[in-house]
Amino acid sequence: MQNIVDLIIIGGGPTGINCGIAASEAGLSHLILEKGVLVNSLYNFPVNMTFFSTSKLLEIGNTPFISHGDKPTRREALEYYRRLIEKYKLNLHLFEEVLSMQQNADQVYHIHTNKGDYYAHSVVVAIGFYDTPRLLNVPGEDLPKVKHYFDDPHPYVGQKVLVIGARNSACDVALETYYKGAQVTMAVRGEALHDKVKYWILPNIENRIKDGSIKAYFNTHVLEIRPREVVLEGPNGVLPSKMTSCWP
Ligand SMILES: Cc1cc2nc3c(=O)[nH]c(=O)nc-3n(C[C@H](O)[C@H](O)[C@H](O)COP(=O)(O)OP(=O)(O)OC[C@H]3O[C@@H](n4cnc5c(N)ncnc54)[C@H](O)[C@@H]3O)c2cc1C
């Protein structure tokens, strides 16, 4: 029989690392399997992003999370998780994607990855939801100008950008691209910005909409994305709107 570990953790994000720390403290043998780099989702966050949570709230493993402001940056977070891995000497395999998992008749889990096979008495699935964007399912969504992830505002300088949505990330993207020189329009399904938009983002975006520097269409949804325009449908009917970039 193969070597069986007590616990396999699928996903090397903050949750997976926290589970690894708990396993290590409980004296359980463990293996974390991560398909990308350490904290892959965070690594792919916008390069200049600041977390919505304070560093205190993000702390794990009884390890202080030092940041220069009250909210940590992506860079500070990457440093923090690198330190945690070193401190707890976690058993972590990077660039190893779990492809399938099954429980054998003897109750042992068999995990199959792109690099090999592993066996464990227990499994934690901590794969987050970052890699599963919510699609609009409209024609043109597969055009190269449509992005489901935002990393850097620079490519949008001088471009017409349509931001679809009205939660925190959408408002952040609208503001960041606007401040860097994009002409920004928002298409919002509801009648207002989302009620969970953080209190320090809300006045800024509301004022930009109020003074017209960012145009927002409420009660509006996307019908089609074309190479040179996006077709929106709002309370007054169909509205083609010329956009060169699109960020739903
Ligand atoms: C812009 C932005 C800002 C955010 N700010 C905050 C904030 O301030 N505070 C907060 O609490 N949350 C915030 N979030 C939410 C944040 O993403 C989660 O809190 C955090 O990443 C959840 O950690 P997780 O480990 O559960 O998931 P993830 O960080 O998504 O980690 C899951 C990991 O599993 C890996 N994985 C997936 N499938 C497989 C597979 N088959 N095999 C192996 N590995 C796999 C992924 O590569 C990934 O590294 C923010 C999200 C975004 C997008």
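Note that the coordinates shown come from a computational prediction; the quantities given were computed from them, not determined experimentally.

Quick notes on the rules
Residues numbered from 1 in each chain as written. Predicted model: local features only at pLDDT ≥ 70, side-chain atom pairs only at ≥ 80, totals over all residues. Heavy atoms only, no water. Phe/Tyr/Trp six-rings, centres within 6.5 Å; stacked < 30°, edge-to-face > 60°. Helix = DSSP H or I, 4+ residues; strand = E, 2+ residues; numbered from the N terminus. Buried < 20%, exposed > 50% of the residue type's maximum accessible area, 1.4 Å probe, protein only. Near = heavy atom within 4 Å. Polar contact = N/O pair within 3.5 Å; in protein donor to acceptor, adjacent residues only side chain to side chain. Areas by Shrake-Rupley, 256 points an atom, 1.4 Å probe, with all protein chains shown as cover.

(A) Expanded view of the packing of aromatic side chains. Under the counting rule described, the total for this entry stands at eight aromatic pairs. Between the aromatic rings of F65 and Y80, the centroid separation amounts to 4.2 Å while the plane-to-plane angle is 5°, which identifies the pairing as stacked. With F65 in the loop between α3 (55-58) and α4 (74-88) and Y80 in helix α4, this residue pair connects regions lying 15 residues apart in the sequence. In terms of burial, F65 and Y80 fall into one category: buried. Taken together, a centroid distance of 5.3 Å and an interplanar angle of 55° make the contact between Y178 and Y179 tilted. What links up through ring pairs into an aromatic cluster is the set F45, F51, Y130 and Y149.

(B) Focus on the environment of L57. Inspection of the secondary structure assignment puts L57 in helix α3. Of the residues examined, L57 reaches a relative accessible area of 67% and is grouped as exposed. Taking the C-alpha atoms as reference points, L57 and T220, 163 residues apart in sequence, are found 36 Å from one another.

(C) The arrangement of the site of the ligand in detail. Residues in contact with the ligand amount to 23 residues; listed here are only the nearest, T15, E34, S41, F52 and S53. One of the side-chain nitrogen or oxygen atoms of S41 is found 2.7 Å away from an oxygen atom of the ligand. Within the contact set of the ligand, a nitrogen atom lies 2.7 Å away from a side-chain nitrogen or oxygen of S53. With the chains in place, 79% of the 970 Å² that the ligand exposes on its own is no longer accessible. Among the elements of the structure, α1 (14-25) and α2 (40-43) are those that each provide at least two residues to the shell around the ligand. By residue number, the principal contributor to the shell around the ligand is α2, which donates three residues.

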